[in-house]
Amino acid sequence: MRRKTADRGLFELYRRDPDSADYLLFGRKTYPDRRGFLKNAGLAIMGALVGSTIPFHRNIPAHFIPSVLAAEDAIHGKDGLTVINDRPVNAETPPHLLDDAITPTGRHFIRNNGIPPKHTDATGWTLTIDGLLDRPMTLGIDDLKRKFEVVTRALTLECGGNGRAFFNPPAKGDPWTYGAVACSTWTGVRLADVLKAAGVKNSAVYTAHEGADTHLSGEAGRLPISRGVPIGKAMDEHNLIAFAQNSKPIHPMNGAPLRLIIPGWPGSCSQKWLTRIWLRDQVHDGPKMTGTSYRVPNRPIAPGEKVDEKDFVIINSMPVKSLITNPPNGHRTTDATLEVRGHAWAGDRRVDAVHLSIDFGATWIETKLDDPVNAYAWQNWRARVAFPQAGYYEIWARATDSHGVSQPHAIAWNPRGYLNNSMHRVAVTVSAA
Ligand SMILES: Nc1nc2c(c(=O)[nH]1)N[C@H]1C(S)=C(S)[C@@H](COP(=O)(O)O)O[C@H]1N2
Ligand SMILES: [Mo]
């Protein structure tokens, strides 16, 4: 039982089975009056979460998640994020807080698969590049800065599971809604430059990334996640080995002091707390590379359909998508016109257009779409929308990529809840002035 609580956080426990979560934490079945008595392990866990003893713990109701976890300053240096899991820590950003062209660090989502390292000092941190290379090397962060050109770029990072919460039947995993996406600026050296200096052998086909975080089980040497990309993608000049986020040291939860940014592909390729890049002669088979992790069926399937594991393929480029960052969902106004704005991105592609509808898709309004500030940055768009009369409206946003592919209405369902790029909808109620 202890092990169960150690492996999963409160959020996950309560999502799966609230009564057994109560049993684990409160040491007994839920009573009809819905009050519990936190004791021993449960009390210790709850205390650790809130960072203090809980004098009135006897009054805590069943199915209880401390509200401090949902409070704005629950994670130091983060601002307004919604915590969706505490172990591992996972937090997303409400769409209206992603309104900035460049995402401030405080609003960059957090997606952890394990326990972040305690020590994230840049001094003494090393990155080993080994495997199928002519010149394997171990470099400090100062070595990277000295030996390679330092570049700064705005790069979009989106979790492969963003939008999972809307899958029906539900998909197992963190229930991200809209906000597991961000576009901060990242400063670092090009992964391609470093690999070229190390001399990639012809036999190398895939990278393997390792970080300093630890597995939830606490087992020494067991990695929570280690993904990689094909050499072709690895050599793309837009990938960075980054040591700064928005011109400051990287936030500890976003991978300080060193991380990969592989833009356009699932966020999971962008290893945080980076310690090693290993060049392999086969598709990497590290944790979360195999089975159904970050993989989707190789053909469209019906919601809930069972698919053989051999028919799953690794996700590469993320699909075209957009987000409405103004107005917030549920906006009420007496104004007959409104500036609607947001961002759009399309994995390895560019976004060619973003259209809005306020009549449930009958007609579409073209928005003014900016070029990306650099390749792989999301593109900002805006439009002035006029509402014909008072009433309830939904604004729908639909981006189209450079290959003419648009966002769908319906989710392309898959068992693990990846790649939901269905249109973002925001409710607006206009009342007479
Ligand atoms: N070492 C390590 N790197 C990691 C992860 C992790 O758990 N450990 N999570 C990955 C996933 S699934 C995503 S979506 C991105 C999230 O980056 P962020 O937390 O900075 O937003 O980091 C990736 N890199
Ligand atoms: Mo992710």
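Below is a short write-up of the structure.

What counts, and where the lines are drawn
Residues numbered from 1 in each chain as written. Chains lettered and ligands numbered in written order. Predicted model: local features only at pLDDT ≥ 70, side-chain atom pairs only at ≥ 80, totals over all residues. Heavy atoms only, no water. Near = heavy atom within 4 Å. Polar contact = N/O pair within 3.5 Å; in protein donor to acceptor, adjacent residues only side chain to side chain. Areas by Shrake-Rupley, 256 points an atom, 1.4 Å probe, with all protein chains shown as cover. Nonpolar A, V, L, I, M, F, W, Y, C, P; charged D, E, K, R; others polar. Pairing = 2+ DSSP bridges. Helix = DSSP H or I, 4+ residues; strand = E, 2+ residues; numbered from the N terminus. Core = buried A, V, L, I, M, F, W, Y, C linked by side-chain atoms within 4.5 Å. Buried < 20%, exposed > 50% of the residue type's maximum accessible area, 1.4 Å probe, protein only. Contact = heavy atoms within 4.5 Å. Phe/Tyr/Trp six-rings, centres within 6.5 Å; stacked < 30°, edge-to-face > 60°. Lys NZ or Arg CZ within 6 Å of the ring centre and 35° of its normal.

Looking now at the site of ligand 1. If you check the shell around ligand 1, you find 20 residues, and the closest are F109, N113, D213, R259 and K272. Residue H108 places a side-chain N or O atom 3.2 Å away from an oxygen atom belonging to ligand 1. Contact distances for ligand 1 include 2.6 Å between a nitrogen atom and a side-chain N or O atom of D213. Isolated, ligand 1 exposes 530 Å² of accessible area, and the fraction of that covered by the protein chains is 100%. For the shell around ligand 1, a count of residues per class yields 8 nonpolar, 8 polar and 4 charged.

On to the sheet that holds strand β21 (residues 379–386). Think of a sheet as strands paired side by side through backbone hydrogen bonds, with each pair either parallel or antiparallel. On the basis of which strands lie adjacent, the open sheet formed by 4 strands has the order β15-β17-β21-β20 and antiparallel pairing. This sheet does not close on itself; its edge strands, each paired only once, are β15 (321–326) and β20 (368–369). As paired strands, strand β17 (residues 337–345) and β21 are joined by 8 bridges and run antiparallel to one another. When the bridges of β21 are listed, E339 appears paired with R384.

Core analysis: the biggest nonpolar cluster contains 30 residues, and I129, L144, I241 and I277 have the highest contact counts within it. Among the elements of the structure, β4 (126–131), β5 (137–140), α5 (141–147), α6 (191–198), α7 (231–234), β9 (240–245) and β12 (274–280) are those that each provide at least two residues to this core. The element contributing the most residues to this core is α6, with 4 residues. Excluding residues that lie within four positions of it along the chain, L144 makes contacts with L127, L139, V189, V194, I241 and L258. Counting residues in hydrophobic clusters, the runner-up holds 21 residues, among them I324, L338, A344 and F387.

This part is about the packing of aromatic side chains. Taken as a whole and assessed by the stated rule, the structure comprises 6 aromatic pairs. With a centroid separation of 6.0 Å and 80° between ring planes, the pair formed by F360 and W396 is classed as edge-to-face. With F360 in the loop between β18 (351–357) and β19 (365–366) and W396 in strand β22 (residues 391–401), the pair connects residues that are 36 residues apart, well separated along the chain. Ring centres of F387 and Y393 lie 4.8 Å apart, and the angle between their planes is 50°; this geometry places the pair in the tilted category. Positioned above the aromatic ring of F243, the side-chain terminus of K145 is 4.8 Å from the ring centre. If you follow R398 out to its NZ or CZ, it ends over the ring of W364, 4.2 Å from the centre.

It is worth spelling out the pairing of β18 at this point. Judged by how many residues are buried, β18 sits mostly within the fold: 6 of 7 residues are covered. Taken together, the 6 bridges between β18 and β22 define a ladder with antiparallel strand orientation. In the sheet register, A353 faces β22, and the bridge partner there is T400. Pairing of β18 with β19, which is carried by 2 bridges, proceeds in the antiparallel orientation. Residue H355 lies in a different strand from β19, and its bridge partner there is E366.

Honestly, it's all geometry; don't read function into it.
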